[in-house]
Amino acid sequence: MIYHTGKRYGLCEEEQSLIYWKCRNYFRLPERERKIIAKIIEDCADGVPEALFEMLTTRKNITAVSMRHHISESALQSRCAKFYREAARKL
C-alpha cells in the first residue's frame, strides 16, 4: 500500500501514519499486536483476508494485489478503508 499524506479514510495524517507503519512492520511487532491486526483484517476482509493482508503489509501496489487475488481494485480499496477506520479504534 502506498503511503499518503493528508486526511484520508476520515483519519488525520498522524493516525494513518501510525497504522500504516505498524502494518508495514507487522512481522517485527509483538505477537499481541500482530493478533489484533490479524483480527481486524479478518473482520474487514469480506472473504479475501489474504489480499487485504498483502495489501497492508507489503510494498505491492493495489493493481498487483487485486490481480493476484482476483478482486477489483475498488473492492480492495474499500476493504482497506474499512480496515483503517477499525484499526484507528482498536490499535
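Refer to the structure printed above.
Note on numbering: residues in each chain are counted from 1, in written sequence order. Thresholds applied to this predicted model are a pLDDT of at least 70 for local features of residues and 80 or more for the giving and counting of side-chain atom pairs; totals over whole chains, interfaces and linings are not thresholded and use all residues. The basis for every side-chain value is the complete set of non-hydrogen atoms in the structure, without hydrogens or water.

## Comments concerning the overall build of the protein chain
Keep this limit in mind: Helix numbers and strand numbers start at the N terminus; a helix is a DSSP run of H or I with at least 4 residues, a strand a run of E with at least 2. Here the globule rule reads 2.2 Å times residues to the power 0.38, and the radius of gyration is calculated from C-alpha atoms. Throughout, exposure labels follow a simple rule: accessible area from a 1.4 Å probe, protein chains only, divided by the maximum for the residue type, with under 20% read as buried, over 50% as exposed, and the rest as partly exposed. Any two residues having at least one pair of non-hydrogen atoms within 4.5 Å are treated as being in contact. When charges are tallied, Lys and Arg are placed among the positive residues and Asp and Glu among the negative ones, while His and the ends of the chain are skipped. To locate a charge, take NZ of a lysine, CZ of an arginine, CG of an aspartate or CD of a glutamate.
When its secondary structure is counted, the protein chain shows five helices and zero strands. Computed over its C-alpha atoms, the radius of gyration of the protein chain comes to 12 Å, within 12% of the 12 Å expected for a compact globule of 91 residues. Counting only C-alpha atoms, the protein chain reaches 30 × 30 × 20 Å along its principal axes. Counting over 91 residues, the protein chain shows a buried share of 41%. At a minimum sequence separation of 6, the contacts of the protein chain that also span at least 24 residues come to 54%. In the protein chain, 17 side chains carry a positive charge and 12 a negative one; their mean positions are 2 Å apart.

## Notes on helix α3 (residues 49–57)
Across the nine residues that make up α3, a large majority, seven, are buried. Inspection of α3 places Pro49, Ala51, Leu52, Glu54, Met55, Leu56 and Thr57 among the buried residues, and these make up the whole buried set. Of the surrounding elements, those touching the buried residues of α3 are α1 (13–24), α2 (31–44), α4 (62–69) and α5 (73–90).

## Focus on α1
To keep it simple, the criterion reads: Here a helix's expected span is defined as the number of its residues, less one, multiplied by 1.5 Å.
With 12 residues, α1 should cover 16 Å at 1.5 Å per step; its first-to-last C-alpha distance of 16 Å lies within 8% of that length. Along its buried surface, α1 packs onto α2, α3 and α5.

## Considering the packing of α1 against α5
Note the cut-off: A fitted line through C-alpha atoms represents every axis, and for helices the fit uses only the stretch in contact; the resulting angles, taken between N-to-C directions, go from 0 to 180 degrees. In these notes the angle categories are as follows: under 35 degrees is roughly parallel, over 145 is roughly antiparallel, 65 to 115 is roughly perpendicular, and the rest is oblique. Asp, Glu, Lys and Arg are counted as charged, while Ala, Val, Leu, Ile, Met, Phe, Trp, Tyr, Cys and Pro are counted as nonpolar; the rest, among them Gly, fall into the polar class.
Relative to each other, α1 and α5 sit at 100°, their axes nearing to 10 Å. Judged by the inter-axis angle, α1 sits roughly perpendicular to α5. Between α1, through Glu15, Gln16, Ile19, Tyr20 and Cys23, and α5, the contact on the second element is made entirely by Phe83, Tyr84, Ala87 and Ala88. Per-class residue counts for the contact of α1 with α5 are seven nonpolar, one polar and one charged.

## Some remarks on the nonpolar core
Heads up, the condition is: Buried Ala, Val, Leu, Ile, Met, Phe, Trp, Tyr and Cys residues that are joined via side-chain atoms within 4.5 Å together make up what is termed a nonpolar core.
Of all hydrophobic cores here, the largest spans 26 residues; its most connected members are Ile19, Ile37, Leu52, Leu56, Leu76, Phe83 and Tyr84. Broken down by secondary-structure element, the contributors of at least two residues to this core are α1, α2, α3, α4 and α5. Here this core gets six residues from one element, more than from any other, and that element is α5. In contact with leucine 52, other than residues within four places in its own chain, are Ile41, Cys44, Ala45, Leu76, Arg79, Cys80 and Phe83.

## Remarks on the side chain of arginine 79
Of note, arginine 79 is situated in helix α5. With sequence-adjacent residues up to four places away left out, arginine 79 is seen in contact with Cys44, Ala45, Asp46, Val48, Leu52 and Ile71.

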